[in-house]
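# Topology and contacts: notes
Each chain, written out:
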Amino acid sequence: MTEPKNAAPAAGRVVLVVEDEAAIRDLIAFHLSREGFTVLEAEDGLSAVATWQRERPDLVLLDLMLPEMDGLAVCRAIRRQAMTPILMLTAKGEEADRVSGLDLGADDYMVKPFSPRELVARVRALLRRTAPDDELLRMGQLVMDRPAQRVTVSGQAVTLTLTEFSLLRCLLEHPGRVLSRRFLLQEVWGYDFFGDSRTVDVHIHHLREKLGDGAALVIETVRGAGYRLVGEEP
Ligand code: CA
């Protein structure tokens with residue numbers, strides 16, 4: 001099965017399946033494994049929390065009606081410590097528990113019986129939704145999409161040269177830190193020792209002009225030291 005575009009990759013992602021009914025647990029594990037997920041299983045609430053503590057999976061599929069410790073208590077135990085995405089599995093007629101689960105911080109739920117295909121799609125969607133947004137850098141009104149090499153200020157595209165883009169990226173990757181001209185030359189231009197530091201100054205000047213006041217950030221000149229990017233408080 002080919003992954004839809006933008007699907008969260010399954011390879012290496014670990015899903016903990018918490019379900020006391022072996023037949024359902026096996027079915028879920030089978031379908032997730034086939035899609036490339038690594039599956040851990042727990043058949044009661046206590047072992048679910050223990051496994052979660054030990055393995056720190058990327059996502060938890062959590063049945064509500066469980067022996068030892070019910071799904072709501074498991075959800076609460078996990079949320080006390082982490083934001084691991086939780087997808088609840090509930091039976092028809094458990095509406096009240098479903099609401100409690102969402103209140104306790106579960107991210108989504110599915111009502112049994114469900115199609116394995118939909119379950120896998122929901123797992124992927126939840127992983128995608130909760131993935132850290134590490135391709136985008138943001139400060140003030142500015143957003144940089146690194147893979148696409150695009151910069152917007154308040155949603156408006158800003159046209160930058162490749163060098164300006166690299167320079168801005170370097171500043172955004174080290175917010176609030178003073179970066180020396182030499183450091184910037186090495187990072188952006190790749191010079192080892194002999195760059196002309198005025199090259200940096202000229203490009204910083206261009207960047208400031210292109211970004212304008214609307215970006216709500218400032219590239220500060222730190223005398224004798226270099227440059228520092230700081231955001232303005234909204
Ligand atoms: Ca159950």
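Residues numbered from 1 in each chain as written. Predicted model: local features only at pLDDT ≥ 70, side-chain atom pairs only at ≥ 80, totals over all residues. Heavy atoms only, no water.

Attention shifts here to the overall build of the protein. In terms of helices and strands, the protein carries eight helices and 11 strands. Against the globule reference of 17 Å for 234 residues, the protein gives a C-alpha radius of gyration of 24 Å, more extended than a compact globule. In terms of principal-axis extent, the alpha carbons of the protein reach across some 70 × 35 × 35 Å. Across the 234 residues of the protein, 42% fall into the buried class. Here the analysis covers contacts within the protein between residues at least 6 apart in sequence; of these, 56% occur between residues at least 24 apart. Surface accessibility of the protein: about 12800 Å² in total, with carbon and sulfur atoms responsible for 50%. Measuring between centres, the 29 positive side-chain charges of the protein sit 5 Å from its 36 negative side-chain charges. (Helix = DSSP H or I, 4+ residues; strand = E, 2+ residues; numbered from the N terminus. Rg over C-alpha atoms; globule rule 2.2 N^0.38 Å. Buried < 20%, exposed > 50% of the residue type's maximum accessible area, 1.4 Å probe, protein only. Contact = heavy atoms within 4.5 Å. Areas by Shrake-Rupley, 256 points an atom, 1.4 Å probe, with all protein chains shown as cover. Lys, Arg positive; Asp, Glu negative; His and termini not counted. Charge placed at Lys NZ, Arg CZ, Asp CG, Glu CD.)

Given 3.6 residues per helical turn, the α-helix brings residues three or four places apart onto the same face. The end-to-end C-alpha distance of helix 5 (residues 116–130), which contains 15 residues, comes to 21 Å, matching closely the 21 Å that a straight helix rising 1.5 Å per residue would cover. At its buried positions, helix 5 is contacted by strand 1 (14–18), helix 1 (22–34), strand 3 (59–63), strand 4 (86–90) and strand 5 (108–111). (Expected span 1.5 Å × (residues − 1).)

What follows covers the pairing of strand 6 (residues 136–139). Where burial is concerned, the two faces of strand 6 differ: the one with Leu-137 and Met-139 is buried and the one with Leu-136 and Arg-138 is not. Looking at chain direction, strand 6 and strand 7 (residues 142–145) are connected through four bridges and run antiparallel. Each bridged residue has a counterpart across the sheet, and for Leu-137 the counterpart in strand 7 is Met-144. In textbook terms, the turn of a hairpin is the stretch between consecutive antiparallel strands, and for strand 6 and strand 7 this stretch comprises two residues, one of which, Gly-140, has a positive phi near 55 degrees. (Pairing = 2+ DSSP bridges.)

Within the fold, Gly-140 resides in the loop between strand 6 and strand 7. The sequence separation of Gly-140 and Ala-96 amounts to 44 residues, and the corresponding C-alpha distance is 41 Å. Residues within four places of Gly-140 in sequence aside, it is in contact with Ala-215 and Ala-216.

Moving on: the confidence of the model for the protein. With 91% of its residues at a pLDDT of 70 or more, the protein has an overall mean of 87. Ignoring residues within four places in sequence, the model shows residues 1–7, a span with pLDDT below 50, making nine contacts including any to other chains. (pLDDT = per-residue confidence, 0-100.)

To continue, consider the coordination of the calcium ion. Only Asp-20 (OD), Asp-63 (OD) and Met-65 (O) from the protein reach the calcium ion as donors, at distances of 2.1 to 2.4 Å. Written as a sequence motif, the donor arrangement for the calcium ion is D-x42-D-x1-M. (Donors = N, O, S within 2.8 Å, 3.2 Å for Na, K, Ca; no water.)

All right, on to the pattern of salt bridges then. Enumeration over the complete set of coordinates arrives at 16 salt bridges. Arg-122 is the partner of Asp-108 in a salt bridge, and the nearest nitrogen-oxygen pair spans 3.1 Å. Residue Asp-108 is found in strand 5, and its partner Arg-122 is found in helix 5; the two are separated by 14 residues along the sequence. (Salt bridge = Lys/Arg side-chain N within 4 Å of Asp/Glu carboxyl O.)

Along a regular strand, successive side chains alternate from one face of the sheet to the other. Burial of strand 3 is extensive: five of the five residues sit out of reach of the surface. Burial of strand 3 is two-sided: the residues Leu-59, Leu-61 and Asp-63 facing one way and the residues Val-60 and Leu-62 facing the other way are all buried. The sheet contact formed by strand 1 and strand 3 spans four bridges and is parallel. For Val-17, the partnering residue across the bridge sits in strand 3 and is Leu-61. Where strand 3 and strand 4 come together, four bridges link them in parallel fashion. In the sheet register, Asp-63 faces strand 4, and the bridge partner there is Leu-89. What joins strand 3 to strand 4 is helix 3 (residues 71–79), and the crossover it makes is right-handed. (Right-handed = clockwise from strand over helix to strand, strands pointing away.)

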